[in-house]
Amino acid sequence: MNVGIIGLGLIGGSMAIDLRKRGFASRIYGVENEKVNADAALRMGLADEVLPLEECVAASDVIVLAIPVGSAAKLLPRVLDLVKGSEKLVIDVCSVKEAMCRVAQGHAARGRYVATHPMAGTEYSGPWAAKPGLFDGNACIFCDVEESSPKAVHLAEKLYDTLNMRITHMRSDAHDMHVAYVSHISHVTSFALALTVLDKEKDEKHIFDLASGGFSSTVRLAKSSADMWVPIFSLNHDNLLKVIDTYIEKMNDFRDAIDAYDEDRIRELIEEGNKIKRIIH
């Protein structure tokens, strides 16, 4: 297979490493608008060539959209125009799926598109963040597969099998609701905690000297790229607002109990929270 990857950052670059190393891709073509990123991707061997979009699509059997979801949603119809009438596969790796499926709906090449979300990543971005084995053992969500051709779905499954991912099927609207709870709210709260501590640090210069591993792990996601997360928050607006409202409600429960010196209620809230151990070990 010749694989074209639009966006050679953390996800696209990590895909490139393993798809080549594990024999799925014979050649990898990249599309990268940032010259610094394009040069780095070539030096690191993430792509054999960096090409203009039309040339990359023409040369590739599989095209991966690995750019922020706002840009991906705008680009997807153009890519589908370019693959119309062919057997090429188009996938995206965005963490908002309903918007992606909506822009593809009714397109003559809709069957060649498979909406996917590999649940993997780090707080880092750019070609330098790409790493082998990023996807191993993680879940990949396929959305609205009934809109895709069986051959396209089969090839997408083969690609993610190569990356050692577990494939799950969901409706795109259900996907967006679930990721608002398990992923998007984590980033909101991490950004908010970082802002809280940075605001306090203006007056207390030694606060970071006291920061432990617990703080570092909790605020780690606040290092994530605004270019990636602004469109995610915007396009998953309705689901995310519901989760934020619930989160504020739970924060107020803690605040009220602490304000009232109600140790029984604090214990009750903590022990309720401890039940997450049933899901996450």
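Details of the structure are given in the entry above.
Read on for a plain summary of the structure. (Residues numbered from 1 in each chain as written. Predicted model: local features only at pLDDT ≥ 70, side-chain atom pairs only at ≥ 80, totals over all residues. Heavy atoms only, no water.)

1. A closer look at the packing of helix H1 (residues 10-21) against helix H6 (residues 150-162)
Running from amino to carboxyl end, H1 crosses H6 at an angle of 90°, the nearest separation of the two axes being 9 Å. Viewed along their axes, H1 and H6 adopt a mutual orientation that is roughly perpendicular. Contacts between H1 and H6 pair Met15, Asp18 and Leu19 from the former with Leu159, Tyr160 and Thr162 from the latter. Residue composition of the contact of H1 with H6, by class: four nonpolar, one polar and one charged. (Axes fitted to C-alpha atoms, helices over the stretch in contact; angles between N-to-C directions. Helix = DSSP H or I, 4+ residues; strand = E, 2+ residues; numbered from the N terminus. Parallel < 35°, antiparallel > 145°, perpendicular 65-115°, else oblique. Contact = heavy atoms within 4.5 Å. Nonpolar A, V, L, I, M, F, W, Y, C, P; charged D, E, K, R; others polar.)

2. What to know about the packing of aromatic side chains
All told, the structure shown has three aromatic pairs when counted by the stated rule. Relative to Tyr160, the ring of Phe142 has its centre 5.7 Å away and its plane inclined at 70°; by these criteria the two rings are edge-to-face. A residue pair is termed long-range when its members are at least 10 positions apart, and Phe142 in strand S7 (residues 139-143) and Tyr160 in helix H6 qualify at 18 residues. For the pair Phe142 and Tyr160, a shared accessibility class is recorded, and that class is buried. Here Phe191 and Phe233 contribute two aromatic rings whose centre-to-centre distance is 6.4 Å and whose plane-to-plane angle is 80°, an arrangement assigned as edge-to-face. With Phe191 in helix H7 (residues 172-201) and Phe233 in helix H9 (residues 226-235), this residue pair connects regions lying 42 residues apart in the sequence. Grouping aromatic residues by their ring pairs yields a cluster made of Phe191, Trp229 and Phe233. (Phe/Tyr/Trp six-rings, centres within 6.5 Å; stacked < 30°, edge-to-face > 60°. Buried < 20%, exposed > 50% of the residue type's maximum accessible area, 1.4 Å probe, protein only.)

3. Section: the pattern of salt bridges
Tallied over the entire structure, the rule returns 17 salt bridges. Across the pair Glu123 and Arg220 runs a salt bridge, and its minimum N-O distance is 2.8 Å. Here the residue Glu123 occupies a position in the loop between strand S6 (113-118) and S7, and Arg220 occupies one in the loop between helix H8 (213-219) and H9, the gap between them amounting to 97 residues. Given the relative accessible area of 8%, Glu123 is considered buried. Taking relative accessible area as the criterion, Arg220 reaches 34% and is therefore assigned partly exposed. A salt bridge links Lys250 to Glu249; the nearest nitrogen and oxygen atoms lie 4.0 Å apart. For Lys250, a relative accessible area of 43% translates into the label partly exposed. Three or more residues are tied together by salt bridges with common partners; here these are Asp18, Lys21, Arg22 and Asp136. (Salt bridge = Lys/Arg side-chain N within 4 Å of Asp/Glu carboxyl O.)

4. Observations regarding the environment of Glu32
In this structure, Glu32 sits in the loop between strand S2 (27-31) and helix H2 (35-43). On the basis of relative accessible area, Glu32 is assigned to the buried category, the value being 17%. Residues Glu32 and Thr218 lie 186 residues apart in sequence; the distance between their C-alpha atoms is 32 Å. Other than its neighbours up to four places away in sequence, Glu32 contacts Gly7, Leu8, Asn37, Ala38 and Val50. A polar contact is formed between the side chain of Glu32 and the backbone nitrogen of Leu8, at a distance of 3.1 Å. Within polar-contact distance, the side chain of Glu32 engages the backbone nitrogen of Glu34 at 3.3 Å. (Polar contact = N/O pair within 3.5 Å; in protein donor to acceptor, adjacent residues only side chain to side chain.)

5. Remarks on the environment of Val145
Mapped onto the fold, Val145 is located in the loop between S7 and H6. Sequence separation between Val145 and Met1 is 144 residues; the distance between their C-alpha atoms is 22 Å. Sequence-distant contacts of Val145, that is, excluding residues within four places in its chain, are made with Val153 and His169.

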